[in-house]
Amino acid sequence: MGRYVLRRLLIAIPTLIVISFVVYAILALAPTDPLASFGADPRVPPEVRERIRESLGLNQPWHVRYVKWVIAIAHLDFGYSFMSRSPVMDLIWQRLPNTLAVVGVAYVIGVLLAVPIGMISAVRRYSVFDHLSTTFAFIGFSVPTFFTGLLLIIIFSVKLHWLPFIYDSTLKITSLSTLGDQIRQSIMPITVLALFDTATIARYTRAEMLEHLPLDYVRTARAKGLKERLVVLRHVLRNSLIPVVTLVALGIPAVFGGAIVTEQIFRVPGIGELLVRSIGQGDTPVVAAILLIFATLVVLFNLVADVLYGVLDPRIRYS
């Protein structure tokens, strides 16, 4: 197992280099100019704009800038934002708590709800619970998150005045009252995201459980006199979770990337909102850093999923 993990990590290095090259090339060749705002300001003379461009390194060929960027990243230096002149990692660390508080919590809730719902729905196929959960799942992943978000805002904020629809990132939790305010402002964005995650994972879990329930090893377990609960939990669910683990593991990097649409609707100042704003402003260091970290997490959690396969199914051997 150790050699397998080491080999996968070594393979990940050229993969990430190729991804970083493609991402940086696309951003560098894009028509967006980070100094466009200065160009529209008549108070900034052309020679000053040129000096700013030189200080940012934009007068150099993009492949030279890419090599310098990669060397800096090797020293864990993601550079400075063109717009705020702040270190890129500082901007990401500032946004990460808001993203985890909304997108991360929604994902955890979604996984915790989806697996039991999918399992019960498969075991009690064609029951009332199965029909209700299937309807819920179809609604969850077929209705766009922006529509669900707007619907919740209209009902609970505009009509009922129960919940705020703008997320206040300056709120500090110092008492039960502020904790209640934090929960109130998080309910709607978390509900929107958890609904989608729960629906998707529940459908996968149900489908995998239905494939395994009629198999011979399940009949053998029942013939041995095992209780139905043990057969389902110890044998069927464990084998059914292998593809679900892939789905869940690959969904974790998406938590870091934030929920772009939901963060925009509820004004959550998370990483998704930072990414959208940086793309619009041509802030290449911020965009490249977020995308590279996202790609790294995808590669890492792919490896985690592969390792978990061996834990869930002892027949899988890594050499």
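Bear in mind that the values here come from a model prediction, so they are computed numbers and not experimental data. (Residues numbered from 1 in each chain as written. Predicted model: local features only at pLDDT ≥ 70, side-chain atom pairs only at ≥ 80, totals over all residues. Heavy atoms only, no water.)

**Student:** When you look at the overall build of the chain in this model, what are you seeing that I'm missing?
**Tutor:** Secondary structure summary: the chain contains 13 helices and zero strands in total. Ordering the α and β elements of the chain from the N terminus gives α-α-α-α-α-α-α-α-α-α-α-α-α. Considering only C-alpha atoms, the chain reaches an extent of 85 × 60 × 35 Å along its principal axes. In the chain, buried positions account for 41% of the 319 residues. Partitioning the intrachain contacts of the chain with sequence separation of at least 6 by distance along the chain shows that 72% fall at a separation of at least 24. When the accessible surface of the chain is split by element, carbon and sulfur atoms take 69% of a total near 17900 Å². Counting 29 positive and 20 negative side-chain charges, the chain places the averaged centre of each group 9 Å from the other. (Helix = DSSP H or I, 4+ residues; strand = E, 2+ residues; numbered from the N terminus. Buried < 20%, exposed > 50% of the residue type's maximum accessible area, 1.4 Å probe, protein only. Contact = heavy atoms within 4.5 Å. Areas by Shrake-Rupley, 256 points an atom, 1.4 Å probe, with all protein chains shown as cover. Lys, Arg positive; Asp, Glu negative; His and termini not counted. Charge placed at Lys NZ, Arg CZ, Asp CG, Glu CD.)

**Student:** Just checking my understanding: could you explain the nonpolar core for this structure?
**Tutor:** A general trend in soluble globular proteins is that nonpolar side chains are found buried together. Of all hydrophobic cores here, the largest spans 25 residues; its most connected members are V102, M188, L193, I201, V248 and F266. For this core, the secondary structure elements donating two or more residues are α5 (88–123), α7 (145–159), α8 (176–212) and α10 (228–257). In contact with L193, other than residues within four places in its own chain, are V102, V103, A106, A259 and T262. (Core = buried A, V, L, I, M, F, W, Y, C linked by side-chain atoms within 4.5 Å.)

**Student:** I'm lost on α7 in this one. Help?
**Tutor:** Along an α-helix, residues three or four positions apart point the same way, because every turn accommodates 3.6 residues. For α7, built from 15 residues, the straight-helix expectation of 21 Å at 1.5 Å per residue is met to within 8% by its first-to-last C-alpha distance of 20 Å. Maximum bend of α7: about 30°, positioned at I153. Three or more residues of α7 are buried, namely T148, G149, L152, I153 and S157. The inward-facing, buried residues of α7 abut α8 and α11 (260–265). Of the residues one or two after α7, H161 is the one with positive phi, at around 60°. (Expected span 1.5 Å × (residues − 1). Bend = angle between axes of the 7 residues up to and from the residue.)

**Student:** Would you mind going over the side chain of R65 with me for this structure?
**Tutor:** Considering the arrangement of structural elements, one finds R65 in helix α4 (residues 62–74). Residue R65 is classed as buried on the basis of its relative accessible area, which comes to 17%. Polar contacts involving the side chain of R65 include one to the main-chain carbonyl oxygen of Q60, which spans 3.2 Å. Once you skip the residues sitting within four places of it in the chain, R65 turns out to touch Y24, G57, L58 and Q60. (Polar contact = N/O pair within 3.5 Å; in protein donor to acceptor, adjacent residues only side chain to side chain.)

**Student:** What's the story with unusual backbone geometry in this structure? I'm lost.
**Tutor:** Excluding glycine, most residues fall at negative phi; most peptide bonds, likewise, are trans. Located in the positive-phi region is L76, a residue other than glycine, with phi close to 60°. In this structure, L76 sits in the loop between α4 and α5. Despite not being glycine, H161 has its phi angle at roughly 60°, a positive value. In this structure H161 comes out as exposed when scored by relative accessible area, which is 62%.

**Student:** Where do I start with the packing of aromatic side chains in this structure?
**Tutor:** Any pair of aromatic rings gets described here by the distance separating the centres and the angle formed by the planes. Under the definition given, this model contains six aromatic pairs. Aromatic side chains Y66 and W69 sit 6.3 Å apart centroid to centroid with 40° between the ring planes, which places their arrangement in the tilted category. One end of the pair, Y66, and the other, W69, are both in helix α4, three residues apart, so they sit about a helical turn from each other. Through successive ring pairs, a cluster of aromatic residues spans F21, Y24, W62, Y66 and W69. (Phe/Tyr/Trp six-rings, centres within 6.5 Å; stacked < 30°, edge-to-face > 60°.)

**Student:** Is there a simple way to think about a nonpolar patch on the surface in this case?
**Tutor:** A surface patch of nonpolar side chains, about 1000 Å² in accessible area, is lined by F146, F147, L150, L151, I154, I155, V158, L160, W162, I260, V261 and V276. For the nonpolar patch, the elements supplying multiple residues, two or more each, are α7 and α11. In terms of residues, the nonpolar patch owes the most to one element, α7, which gives seven residues. The topology assignment puts F146 in helix α7. When its relative accessible area of 42% is taken as the criterion, F146 is described as partly exposed. (Patch = residues over 30% accessible without salt bridge, like charges linked within 9 Å, V, L, I, M, F, W, Y side chains within 5 Å. Salt bridge = Lys/Arg side-chain N within 4 Å of Asp/Glu carboxyl O.)

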